[in-house]
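Coordinate inspection notes
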Amino acid sequence: MKKINYVLYCLVALVLMTAACSRGRSGDVKGLLQTVPADASAVAVVDLNALPENVDGNLPYKLPVDATEENGVDRSVAAFFIGGYNSYITGFLEDTDKFKASVEKETGEAFRAEGDVAVSGNIAVISDRFWVCVSSRNTVNTDEIKHFTTLSEKQSILSNEVVAGLEEMKHDVAGWGDIKGCMNAAGLDFATRATATMAVEAMFVDAVEFSWNMDFKKSELIADLNVLNSKGGIAKFNFPAAKIDEATVAAAGSTADGVVALAVSPDMVRKLREETGGKGFSMIGVIAGMISCVDGTCAAAVSESGSMTGVIATTGRGTTDLSSMLSELGMTVSKEGNLLRFGKGEVSGGMSVSEAAAELKGSMAGAVYSGKSGKVASDKISSVVVTLNPEKGGLAAHVKVRWKE
């Protein structure tokens, strides 16, 4: 988990750095992608010129890099990729000498020559290109760097049609990943990786890759992710999709630090039982039996204290097993017509539940967290919204992160 968090942190830093100083030559995205090997597990490209100038003063994260105009970096495009067991950030240099001086001042380690490659800690430079090995704090494989620079287009990630489409830079940030490759790179143990693989195979038809993008607006980040099949199209979601009812979510409480919701139909439960039967998902199969009475939206409002209140829309029949399970979890349970109400403690928080419900309307599942929630990584963030939406036969993930001006 620490490795995952570190890689994600470095990627966030790449996305946000140099946002206020977009200048210099236009980015050669194709040139960057041609130095990413075809067997890379994931790649992302960032159009630094497209990032809004007003982001820098209100960043929700403290950056680990001093990315001012004095460090010699060309403020055009940059890329992040995972190749084998290493992860890299790479980009162009406007002034190589200035960049080296900046790195040496920051790290206290002078660059040394290893053939055509200049190395300082985990940073390598060849001519006007730099690589940062973000999976290491003080080493970089120079043979690997040399190999990257000699790849033909067919040997590079450009041989993947979905990745080749990133050249168009339709978004501020865009990326691609191989699902199994990313699981391996994340360092998951065998049991966790096997369980995750079976879950993906149960949820989607022929799911092998994913694509994603991010765009910055004023004090807001919008991101989207889609699961792709082996042909590069949207992987079909394997379950009948329902949509969250806003009114039901709003009935979960008044104020809270977080709101989560899921829309469930009897057909979805039936399909879940079919898909998990005999595939090692015995616990999920048991739970599927318990929730066979659910018909509609399930929602919960939570506080940082651990208190929770929620509602579950049901058929009105056969709710005994579900009620018993909630009681065993320490919840008080009551029935109002076709609604089951459950709760533990008093819930209050920094956001309106009804406003959170509006954010989740139309999605199949989602969560909204206020800036005061421990789920949020920075006190500068005002809210985070994550939803799963049925789209084009698949299931797309949408994320909105808003921070304070």
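To keep things clear, this report deals only with the structure shown in the data block. None of the values given here were measured: they were computed from a predicted structure.

1. Points about helix H11 (residues 320-328)
The complete set of buried residues in H11 reads Leu322, Ser323 and Leu326. For H11, the arc enclosing every buried residue in end-on projection is 100°, short of the 170-degree limit, so these residues lie on one face. H11 presents Thr320 and Glu328 as exposed residues on the side facing more than 90 degrees away from its buried surface. Remark: glycine 330 follows H11 within two positions and exhibits a positive phi of approximately 90°.

2. A short note on helix H4 (residues 142-149)
Where H4 is concerned, the buried positions are Thr142, Ile145 and Phe148. Burial along H4 is one-sided: seen end-on, the buried residues are contained in an arc of 115°. Next to the buried residues of H4 lie strand S2 (73-83), strand S3 (86-93), strand S4 (112-114), strand S5 (117-120), strand S6 (123-126) and strand S7 (129-133). The distance from a side-chain oxygen at the start of H4 to the backbone nitrogen of aspartate 143 is 3.0 Å, and the residue carrying that oxygen is asparagine 141.

3. Side note on the pairing of S5
Residues of S5 alternate between two faces, with Val117 and Val119 on one and Ala118 and Ser120 on the opposite face, all of them buried. The turn linking S4 back onto S5 is made up of two residues, and glycine 115 within it adopts a positive phi angle of 70°. Sheet topology note: the S5/S6 ladder contains three bridges and is antiparallel. If you follow serine 120 over to S6, its bridge partner there is isoleucine 123. Count of turn residues in the S5/S6 antiparallel hairpin: two residues, of which glycine 121 carries a positive phi of about 60°.

4. Concerning the environment of glycine 345
Examined against the element boundaries, glycine 345 turns out to sit in the loop between strand S16 (339-344) and strand S17 (351-352). Remark: the alpha-carbon pair of glycine 345 and serine 307, spanning 38 residues in sequence, is separated by 4.8 Å. Non-local contacts of glycine 345, meaning those with residues more than four positions away in its chain, are made with Ser307, Met308 and Thr309.

5. Concerning the environment of histidine 398
The topology assignment puts histidine 398 in strand S20 (residues 394-403). Each C-alpha atom of the pair histidine 398 and threonine 387 lies 5.3 Å from the other, and the pair is eleven residues apart in sequence. Contact partners of histidine 398, with chain neighbours within four places excluded, come to Ala223, Asp224, Val385, Val386, Thr387, Asn389 and Glu391. A polar contact is formed between the side chain of histidine 398 and the side chain of aspartate 224, at a distance of 2.3 Å.

6. As for the pattern of salt bridges
Between side chains of opposite charge, a pair can form as their charged atoms come close. If you walk through the whole model with that rule in mind, you get eight salt bridges. The salt bridge involving glutamate 153 is made with lysine 30; its shortest N-O contact spans 3.4 Å. With glutamate 153 in the loop between H4 and helix H5 (161-164) and lysine 30 in helix H2 (residues 29-33), this pair connects stretches of sequence that are 123 residues apart. Each of Glu109, Arg112 and Glu114 takes part in salt bridges that share partners, so that together they form one network.

7. Digging into the environment of glutamate 167
Residue position: glutamate 167 is located in the loop between H5 and strand S8 (173-178). For the pair glutamate 167 and leucine 32, spaced 135 residues apart in sequence, the C-alpha separation works out to 9.6 Å. With residues up to four places along the chain from it excluded, the contact list for glutamate 167 reads Val29, Lys30, Leu33 and Leu158.

8. A look at the pairing of S2
Looking along a regular strand, one sees side chains alternate from face to face of the sheet. Burial analysis of S2 places eleven of its eleven residues in the buried class, which makes it a mostly covered element. Bridge analysis of strand S1 (residues 42-47) against S2 gives six bridges, and the strand direction is antiparallel. Paired with aspartate 47 across the bridge in S2 is valine 77. Bridge count between S2 and S3: seven bridges; the pairing is antiparallel. Opposite glycine 83, over in S3, you have asparagine 86 as the bridge partner. Here S2 folds back onto S3 in antiparallel fashion, the turn holding two residues, of which glycine 84 has a positive phi close to 65°.

Conventions we followed
Residues numbered from 1 in each chain as written. Predicted model: local features only at pLDDT ≥ 70, side-chain atom pairs only at ≥ 80, totals over all residues. Heavy atoms only, no water. Buried < 20%, exposed > 50% of the residue type's maximum accessible area, 1.4 Å probe, protein only. Helix = DSSP H or I, 4+ residues; strand = E, 2+ residues; numbered from the N terminus. Arc of directions from axis to C-beta. Contact = heavy atoms within 4.5 Å. Polar contact = N/O pair within 3.5 Å; in protein donor to acceptor, adjacent residues only side chain to side chain. Pairing = 2+ DSSP bridges. Salt bridge = Lys/Arg side-chain N within 4 Å of Asp/Glu carboxyl O.

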